[in-house]
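Report on the structure
Next come the chains, spelled out residue by residue.
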Amino acid sequence: MSTTWKARRTAGQLEDSRPVQWLGRFGDACYGIVYLVVAWLALQIAFGDKAAEADQRGAVTTIAAQPFGAVLLWVVAIGLIAFGIWQLLAAATGFRWVTGKRERTKRRLSSAGRAVVVLVIASFTLRLLTSGSGGSSGSGGSGQQEMTARLLALPAGRVLVVAVGIGVLVAAVLAALRGVRRTFLRELDLTGVSARTRSWVQRLGILGYLAKGVAYAVIGLLLCTAAIRVDPSRAGGLDKALRTLAAQPFGVVLLVAVAIGFAAFGVYSFADARWRRP
């Protein structure tokens with residue numbers, strides 16, 4: 001029996017264990033809370049609050065500012081770490097119910113990407129808790145611009161940044177298609193769920209993934225623009241993407257629509273936590 005096979009079997013057993021399942025689902029719900037706060041911050045930007053930082057870091061900072069914020073943050077941090085680990089286990093041995101090897105690999109890669117995103121948010125949450133301060137409200141955007149500047153300084157840096165931008169654009173298309181095609185429903189076990197509840201879960205998922213697709217598309221375009229103009233200040237993360245949307249004709253309408261989509265994704269995450277296939 002090879003060491004790799006033993007490791008995969010152990011990971012599979014760990015993923016299937018009841019404590020890991022419960023912790024992972026709790027973390028999935030925490031991820032939904034983060035998106036609900038992001039939706040609220042996006043609405044604040046839409047209606048003129050220039051100080052709001054509408055991304056996951058801004059959401060964490062906003063939670064910290066509430067009564068008992070430190071307690072709430074610890075709960076969210078633990079949940080996100082649990083969710084990240086659950087997704088890593090799914091990336092290693094999950095989706096065994098998927099019959100096609102190619103489709104199973106795609107879903108495992110998606111789980112790996114989700115784990116990275118969630119663990120980055122968890123890392124920022126822990127830093128905020130241990131530093132005892134709110135940090136810079138613009139840290140997310142400036143960090144993205146600093147990374148872009150470093151890439152642009154490399155040989156063929158413009159090509160690298162364009163490649164990253166195209167990768168984000170591909171992720172945007174995949175997120176939108178996931179919503180339009182409703183493939184997210186395949187990961188849920190809705191056996192015995194009422195038709196009304198099933199319909200609401202479907203609508204929430206469609207809106208949520210479309211909103212994520214729009215946001216990713218703007219981020220990808222910002223990266224490509226930064227590369228073409230050799231100007232890292234044009235790059236940015238979710239917060240800058242939403243502000244870019246707000247600056248367009250009918251920007252308030254666009255941003256409100258995306259905020260509603262993020263809120264839908266947040267609520268959908270609760271359904272995902274409840275009915276996700278083990």
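Residues numbered from 1 in each chain as written. Predicted model: local features only at pLDDT ≥ 70, side-chain atom pairs only at ≥ 80, totals over all residues. Heavy atoms only, no water.

A few points about the packing of aromatic side chains
Our working rule: Pairing of aromatic rings covers Phe, Tyr and the six-membered ring of Trp, with a centre-to-centre limit of 6.5 Å; geometry is then stacked below 30 degrees between planes, edge-to-face above 60, and tilted otherwise. The helix count covers DSSP runs of H or I at least four residues long, the strand count covers runs of E at least two residues long, and both are numbered beginning at the N terminus. Any residue under 20% of the maximum accessible area for its type is buried, any over 50% is exposed, and the rest in between are partly exposed; the area is computed with a 1.4 Å probe on protein chains only.
Using the criterion set out here, one finds 12 aromatic pairs in the structure. On the numbers, 5.7 Å between centres and 40° between planes, the contact of Y31 with F83 is tilted. With Y31 in helix 2 (residues 18-46) and F83 in helix 4 (residues 69-93), the pair connects residues that are 52 residues apart, well separated along the chain. Of the residues examined, F83 reaches a relative accessible area of 1% and is grouped as buried. Between F265 and Y268, the aromatic rings sit 6.1 Å apart at their centres with planes inclined by 40°, giving tilted as the arrangement. Remark: Y268 and F265 occur in helix 10 (residues 251-275); sequence separation between them is three residues, near one turn of the helix. Neither F265 nor Y268 differs from the other in exposure class; each is buried. An aromatic cluster is defined as three or more aromatic residues linked by ring pairs; in this entry it consists of Y31, Y35, F83, W86, F184, Y209, F262, F265 and Y268.

Considerations on the confidence of the model for the chain
Atomic detail in the predicted coordinates should be set aside for any region of low pLDDT. This is how the line gets drawn: On a range of 0 to 100, pLDDT expresses the predictor's confidence in each residue. Every residue pair with non-hydrogen atoms within 4.5 Å of one another is taken to be in contact.
Overall, the prediction assigns the chain a mean pLDDT of 85, with 88% of residues at 70 or greater. When the elements of the chain are averaged for pLDDT, helix 1 (residues 3-16) gives the smallest value, 61, and helix 10 the largest, 94. Taken together, the stretch residues 134-139 has pLDDT below 50 and engages in nine contacts with residues farther than four places along the chain or on a different chain.

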